[in-house]
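Commentary on secondary and tertiary structure
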Amino acid sequence: QGPWDYHYHGTALASVAAGSGTVDPELRGMASGARLTVVKFYDFDETWHAWAGDFLAACAWTLDHREIYRIRTVLTAVNWDVDAGISAAMAAFVDAGLLPVAAVGNHGSEPVGPGYPAALPDVLTAGAVDDSGALAAYSGRGLIAPGKPDILAPGGGLIIAGGRITAADNEPDDTYSGRSGTSLAAAHVAGAVHLLDEAMLESGVILPEGRNSVMTRMSMLKMTAAAVTEAENSTGTG
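Residues numbered from 1 in each chain as written. Predicted model: local features only at pLDDT ≥ 70, side-chain atom pairs only at ≥ 80, totals over all residues. Heavy atoms only, no water.

**Details of the overall build of the protein chain**
We count it as follows: Helix numbers and strand numbers start at the N terminus; a helix is a DSSP run of H or I with at least 4 residues, a strand a run of E with at least 2. C-alpha atoms define the radius of gyration, and 2.2 Å times the number of residues to the power 0.38 defines the globule rule. Relative accessibility thresholds used throughout: buried, under 20% of the residue-type maximum; exposed, over 50%; partly exposed, between the two (1.4 Å probe, protein chains only). Contacts were defined at the residue level, with two residues in contact if any of their heavy atoms lie within 4.5 Å. Each accessible area value is a Shrake-Rupley result obtained with a 1.4 Å probe; residue values ignore everything except the protein chains displayed when judging cover.
Helix and strand content of the protein chain: 5 helices and 8 strands. Against the compact-globule benchmark of 18 Å for 238 residues, the protein chain has a radius of gyration of 17 Å, which places it among compact chains. Projected onto its principal axes, the C-alpha positions of the protein chain cover 45 × 40 × 40 Å. Residues counted as buried form 44% of the 238 residues belonging to the protein chain. In the protein chain, the share of contacts with a sequence separation of at least 24, taken over all contacts with a separation of at least 6, comes to 70%. Accessible area for the protein chain stands at about 12200 Å²; split by element, carbon and sulfur atoms hold 54% of it.

**Considerations on the nonpolar core**
Operational definition: In this description, a nonpolar core means a group of buried Ala, Val, Leu, Ile, Met, Phe, Trp, Tyr and Cys residues linked to one another through side-chain atoms lying within 4.5 Å.
With 33 residues, the main nonpolar core has L99, V101, L124, V189 and V193 as its most contacted residues. Examining the composition of this core, we find that 8 residues originate from one element, helix α4 (residues 182-202), more than from any other. If we ignore the near neighbours within four places in the chain, the residues touching V101 are T73, V74, L75, T76, V123, L124, A186, V189, A190 and V193. With 19 residues, the next largest nonpolar core counts A58, C59, M90 and V123 among its residues.

**Quick word on the environment of G10**
Checked against the element boundaries, G10 lands in helix α1 (residues 9-18). Spatially, the C-alpha atoms of G10 and A199 are 26 Å apart, while their sequence positions differ by 189 residues.

**Comments concerning the side chain of D197**
Mapped onto the elements, D197 comes out in helix α4. Once residues lying within four places of it in the same chain are set aside, the contact partners of D197 are R72, T73 and R217.

**A word on the environment of P149**
Within the fold, P149 resides in the loop between β5 (124-129) and β6 (151-154). Sequence separation between P149 and E198 is 49 residues; the distance between their C-alpha atoms is 24 Å. Discounting chain neighbours no more than four positions away, the residues touching P149 are V104, T125, A126, G127, G140 and G142.

**Here's the deal with a negative patch on the surface**
Rule in force here: Each patch is built from salt-bridge-free residues with over 30% relative accessible area, joining like charges within 9 Å and nonpolar side chains (Val, Leu, Ile, Met, Phe, Trp, Tyr) within 5 Å. Salt bridge, as applied in this entry: a Lys or Arg side-chain nitrogen positioned within 4 Å of an Asp or Glu carboxyl oxygen. Residues scored as charged are limited to Lys and Arg (positive) and Asp and Glu (negative), so that His and the chain ends carry no count. The location of each charge is read from NZ of Lys, CZ of Arg, CG of Asp or CD of Glu.
A contiguous patch of negative charge on the surface is contributed by D43, D45, E46 and E171. Turning to its location among the elements, E171 is positioned in the loop between β7 (165-168) and β8 (176-179).

**Digging into the packing of helix α2 (residues 52-64) against helix α3 (residues 86-95)**
This is how it is decided: Axis definition: a line fitted to C-alpha atoms, limited for helices to the stretch in contact. Angles are taken between N-to-C directions and run from 0 to 180 degrees. Here the angle decides the label: under 35 degrees means roughly parallel, over 145 means roughly antiparallel, 65 to 115 means roughly perpendicular, and every other value means oblique. Should the near helix be turned anticlockwise from the far one by less than a right angle, the crossing is left-handed, and should it be turned clockwise, the crossing is right-handed.
At a minimum axis separation of 10 Å, α2 and α3 run at an interaxial angle of 15°. In terms of orientation, α2 lies roughly parallel with respect to α3. In the crossing of α2 with α3, the sense of the turn from one axis to the other is left-handed. Contacts between α2 and α3 involve F55, L56, C59, T62 and L63 from the former and I86, A89, M90, A92 and F93 from the latter.

**Overview of the pairing of β5**
The condition is simple: At least two bridges found by DSSP between two strands are what make those strands a pair.
By the criterion of burial, β5 is predominantly enclosed, with 6 of the 6 residues buried. Residues L124, A126 and A128 of β5 are buried on one face, and the alternating residues T125, G127 and V129, pointing to the opposite face, are buried as well. Both strand β4 (residues 99-103) and β5 contribute to a ladder of 3 bridges, which runs parallel. Each residue of the ladder has a partner; that of A103, found in β5, is A126. Summarising the sheet, β5 and β6 pair through 4 bridges and their orientation is parallel. Its bridge partner being in β6, G127 is matched across the sheet by L152.

**Remarks on the pattern of salt bridges**
All chains considered together, the criterion is met by 7 salt bridges. One salt bridge connects K222 with D150, and the closest N-O pair in it is separated by 3.5 Å. Here K222 is found in helix α5 (residues 211-223), whereas its partner D150 is found in the loop between β5 and β6, with 72 residues between them in sequence. Given a relative accessible area of 38%, K222 falls into the partly exposed group. Between R179 and D169 there is a salt bridge, with its nearest N and O atoms 2.2 Å apart. Of this pair, R179 sits in strand β8 while D169 sits in the loop between β7 and β8, and the two are 10 residues apart along the sequence. Linked through salt bridges whose partners overlap, the residues forming this network are R72, D197 and R217.

Next up, the structure:
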């Protein structure tokens, strides 16, 4: 039923952002009370099949259905080397009050990336830290897009000793696996955004609709984040 995950990536992100904890309460997601709207546009048969046009169609569908599904945050753990209309799609989200969260990418200190949408100023871009709170060796830096990533979150260390993020998996038997990557960090951030929204709602805080709402929520997360002062070395061994 529904979009089947031919790869573990979407399942793991859903687990980290909003896993209910029904199978194992200790492994529930960041925002276990959140509801997910899953929009599948990648295909995987030993090789990723991804086209920017499919991503833009997924963005358009999400925008058109934002009210019926009460969508407030959009997790987009993807990266393209060229804009291809992605900046316009993200701007449409922001103008409608939807906060886009993206992964900075797993290119480490290599002088590449981040790509799109992670490089865009109106996107909340996440990098990864290991379980000691140090910047993960694989986590991309904003060498081409200064100021990116905007925020860091748990993504697991480069090696097992640096911690792995235990997330739901559809292989081999719908159990859990240890993973790492900035996509998992972005899923943590998306869950955190939901918790922020939940807390404001319970406190009676109503933000103005549209772009101002997105910028306020983004600023609140960035301003309350702890500083990260250490980083894994290139091999993840120290």
